[in-house]
Amino acid sequence: GRPIPYLDEVALDFPDLESARLPFCAEFSLRIRSFLSPQGERFSCPLGLMPLKLQTAFVSEAKRKLPIHLEEPYGSRSRSAVKLPEGTRCARLPEGLTLQSGFGTYSLAFARGADPAGGETIEATRTYLIPPQDVAPEDYPRFIEFCRAVDQAEGQRIVLERTR
């Protein structure tokens, strides 16, 4: 059997490994079964980025008596390109989001592009950094809102429609 049943094909490449530069780049190529979900006459698909799920990672309760201590920085830059199936086009791009606060920075942006082999691609770019910090109990509700805004942005879907 396959380790992840809905993945038909996975390719992984490290194009800059010989240069010994940090951070290094990893490129994944996936073929995923059931990637599209019907929405009436249209379809939708996820953004192509692994969701951060900040609420799951950092939010454990509605209120706190003690601060949250974040010892290490939490961040990266990711880009995904979703090649649309032949006979489809993007009907609606998700909304981008830019947040900058004392808790960190987050940016999610989308762009349409043309695939060299024909068809349309949707590119999503995400950059975020949550620096080491202590989140005081009185700041916790605002920290929850920061995490919720990120999770909601990443929960959006790309809406597609048939061209034929």
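Scroll up for the structure.
Our subject in this report is the structure included herewith.

What counts as what
Residues numbered from 1 in each chain as written. Predicted model: local features only at pLDDT ≥ 70, side-chain atom pairs only at ≥ 80, totals over all residues. Heavy atoms only, no water. Core = buried A, V, L, I, M, F, W, Y, C linked by side-chain atoms within 4.5 Å. Buried < 20%, exposed > 50% of the residue type's maximum accessible area, 1.4 Å probe, protein only. Contact = heavy atoms within 4.5 Å. Helix = DSSP H or I, 4+ residues; strand = E, 2+ residues; numbered from the N terminus. Salt bridge = Lys/Arg side-chain N within 4 Å of Asp/Glu carboxyl O. Polar contact = N/O pair within 3.5 Å; in protein donor to acceptor, adjacent residues only side chain to side chain. Pairing = 2+ DSSP bridges. Axes fitted to C-alpha atoms, helices over the stretch in contact; angles between N-to-C directions.

A closer look at the nonpolar core
Item 1. Membership of the largest hydrophobic core comes to 30 residues, with the highest contact counts inside it found for Leu54, Phe143 and Ile158.
Item 2. Other than its neighbours up to four places away in sequence, Ile158 contacts Phe43, Ser44, Cys45, Pro46, Leu47, Val82, Cys90, Arg92, Pro94 and Ile122.

Let's talk about the environment of Ile144
Item 1. Note on placement: Ile144 falls in helix H2 (residues 140–154).
Item 2. Judged by relative accessible area, Ile144 falls into the buried class, the value being 9%.
Item 3. Sequence separation of Ile144 and Ala62 is 82 residues, and the distance between their C-alpha atoms is 8.4 Å.
Item 4. Contact partners of Ile144, with chain neighbours within four places excluded, come to Val59, Glu61 and Ala62.

Here we look at the pattern of salt bridges
Item 1. By the definition in use, this model includes nine salt bridges.
Item 2. With a shortest N-O distance of 3.6 Å, Asp115 and Lys83 are connected by a salt bridge. With Asp115 in the loop between strand E9 (104–114) and strand E10 (120–130) and Lys83 in strand E6 (residues 74–83), the pair connects residues that are 32 residues apart, well separated along the chain.
Item 3. Glu120 is the partner of Arg112 in a salt bridge, and the nearest nitrogen-oxygen pair spans 3.2 Å.
Item 4. The class for Arg112 is partly exposed, based on a relative accessible area of 46%.

Regarding the side chain of Arg126
Item 1. The residue Arg126 is located in strand E10 in this model.
Item 2. Only 2.9 Å separates the side chain of Arg126 from the backbone oxygen of Met50, close enough to count as a polar contact.

Things to note about the sheet that holds E9
Item 1. Pairing in this open sheet of four strands is antiparallel, and the strands run E6-E10-E9-E8 from one edge to the other. The open sheet has two free edges, formed respectively by E6 and strand E8 (97–101), since each of these has just one partner strand. Here the average twist between neighbouring strands, direction ignored, is 10 degrees.
Item 2. Two elements, E8 and E9, share five bridges in a ladder whose sense is antiparallel. Within E9, the position partnered with Ser101 by the bridge is Gly104.

Regarding the pairing of strand E4 (residues 42–45)
Item 1. The pairing of strand E3 (residues 37–39) with E4 spans three bridges and is classified as antiparallel. Bridge pairing in E4 links Ser37 to Ser44.
Item 2. Between E3 and E4, which pair antiparallel in sequence order, lie two residues; one of them, Gly40, sits at a positive phi of approximately 65 degrees.
Item 3. Of the strand pairs in this sheet, E4 and strand E12 (residues 158–162) are connected by three bridges, and their pairing is antiparallel. Counterpart to Phe43 in the pairing with E12 is Leu160.

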